[in-house]
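# Architecture at a glance
The chain contents come next:
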Number of protein chains: 2
Amino acid sequence: MSKYPLALQQLIASLKMLPGVGSKTAERFAFHLLTRPSESLEELSEVIATLKIKIQNCPECHCLMDKEVCEFCDINKRDSSLLCIISSPKDAYAIEETHTFRGLYHVLGSLLSPLDGRTAERLNLPQLVDRISHLKIKEVIVALDSTLEGDATALYLKEQLGKLGIPVSRLALGLPMGSPLEYVDVGTLTRALLGRQIF
Amino acid sequence: MSKYPLALQQLIASLKMLPGVGSKTAERFAFHLLTRPSESLEELSEVIATLKIKIQNCPECHCLMDKEVCEFCDINKRDSSLLCIISSPKDAYAIEETHTFRGLYHVLGSLLSPLDGRTAERLNLPQLVDRISHLKIKEVIVALDSTLEGDATALYLKEQLGKLGIPVSRLALGLPMGSPLEYVDVGTLTRALLGRQIF
């Protein structure tokens, strides 16, 4: 009796799969949805149900695509000598927003984390090596998270791709924009010093 | 090009209706949903689509119900001489969890907030007064938020229901459980002092 109606319990359980959403937040979301007009619930329901049908992963670069061809793989519009390795499709949009990269992408889909069972096999390196030689890539840019897993994966990629004899670069590590020096952590400052640039 | 596929944009827009969810969180939720198996998306979609069909508001007390009859209105199981006034259906579940109230509920659905256009008409007082006399209620407990709007509504209810000649009580205002005195705000401490109890 003291617990919610069944349909509400099911909704709360489903909402808890969202990242960072626990019981309390899921309950708040669910009760809020109850107050919304039916049309807006139908709209949300429809868009969730058709999400995976409308959006696919490009078989080549694994970025998202909602058309027949992948816009990120369009050789006519992109510089096919540069390849940027990212861990998730979302990162491509962040890099596009910088307007400083017009090359191709390659989504790894995972970062190395042996303790969580994410080993090198998950990175599907043979396909990446195939793409690099097939596309005649001249430089590989590793654009992974600046975290333990990102660093480990970047080092592994450098080791493996180094054998191909093409330059493998990495995103610069240093001060983020607009940060006063006194608030920068020692790790970032160390990297910024080691990677100092002549200007 | 730098923006997400259309279906993803629609999902992000829909998710932004959730309370406390802005663009960044909605994007995070949407990209997370993309990584979920189709079955779990279908389940979520289904439960959202059927939510308003499966769960109704009781025409009597306005609590939620998913059966033909409202469990909160079951006179055989509840003490029909006590009526607890709450602002939203969710509050009934919180009060049920205390296991200290077995009376009936009445959901106002709104709190007074004239600046936001929520005036006394929204409270539907005639229906409340009807219920009180029809059910022969002996005590009304006002269990509203301890906020400006909750206080104003409680005072208004006391004034209106006082005319009926039955006791109108209110939830005690004081220290929350487990709070060291030094961290209690001055408003709470004032109320706790004024409402001190002989023991």
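Please refer to the structure placed before this passage.
Here we summarise the structure given alongside this text. Just so it is clear, the structure is predicted and the values come from calculations on it, not from any experiment.

Rules used in this analysis
Every residue gets a number counted from 1 within its own chain, in the order that chain's sequence is written. Both sets of labels track the order of writing: A upward for chains, 1 upward for ligands. Selection of residues for local features in this predicted model requires a pLDDT of at least 70, selection of side-chain atom pairs for listing and counting requires 80 or more, and totals for whole chains, interfaces and linings are taken over all residues. Side-chain measures were taken over the full set of non-hydrogen atoms in the model, leaving aside hydrogen atoms and water. In this description a helix means any DSSP run of H or I spanning at least four residues, a strand means any run of E spanning at least two, and both kinds are numbered starting from the N terminus. Each residue's exposure class comes from its accessible area (1.4 Å probe, protein chains only) as a fraction of the maximum for that residue type: buried when under 20%, exposed when over 50%, partly exposed otherwise. Throughout, a contact is declared for two residues whenever any of their heavy atoms are within 4.5 Å. Salt bridge, as applied in this entry: a Lys or Arg side-chain nitrogen positioned within 4 Å of an Asp or Glu carboxyl oxygen. Definition of a polar contact: a pair of N or O atoms within 3.5 Å, with one able to donate and the other able to accept a hydrogen when the atoms are protein atoms, and with sequence-neighbouring residues admitted only if both atoms are side-chain atoms. Amino acids are sorted into nonpolar (Ala, Val, Leu, Ile, Met, Phe, Trp, Tyr, Cys and Pro), charged (Asp, Glu, Lys and Arg) and polar (every other residue, Gly among them).

### Some details on the side chain of A:Ser113
Residues and elements named next belong to chain A. Mapped onto the fold, Ser-113 is located in the loop between strand E4 (104-107) and helix H6 (125-134). A relative accessible area of 6% places Ser-113 in the buried class. With sequence-adjacent residues up to four places away left out, Ser-113 is seen in contact with Arg-118 and Glu-149.

### Concerning the pattern of salt bridges
In the structure shown here, the tally under the stated rule is 20 salt bridges over all chains. For A:Glu97, the salt bridge goes to B:Lys3, with nearest N and O atoms at 3.6 Å. Of this pair, A:Glu97 sits in the loop between helix H5 (89-96) and E4 while B:Lys3 sits in the segment before helix H1 (6-15), on two different chains. Among the residues examined, B:Lys3 registers a relative accessible area of 40% and is labelled partly exposed. Across the salt bridge formed by B:Glu96 and B:Arg78, the nearest N and O atoms sit 2.8 Å from each other. Taken together, the residues span a long stretch of sequence, with B:Glu96 in helix H5 (residues 89-96) and B:Arg78 in the loop between strand E2 (64-65) and strand E3 (82-86) at a distance of 18 residues. What emerges from the salt-bridge pattern is a single network uniting A:Asp66, A:Lys67 and A:Glu71.

### Notes on the interface of chain B and chain A
Chain B puts 50 residues into the contact, and the matching count from chain A is 50 residues. Joining chain B to chain A, the criterion identifies four salt bridges. Seen at the junction of chain B and chain A, the total is nine residue pairs in polar contact (both at pLDDT 80 or more). Taken together, the elements giving at least two residues each to the side of chain B that touches chain A come down to H1, helix H2 (23-34), helix H3 (38-49), helix H4 (51-54) and H5 of chain B. Residue composition of the side of chain B that touches chain A, grouped by class: 28 nonpolar, nine polar and 13 charged.

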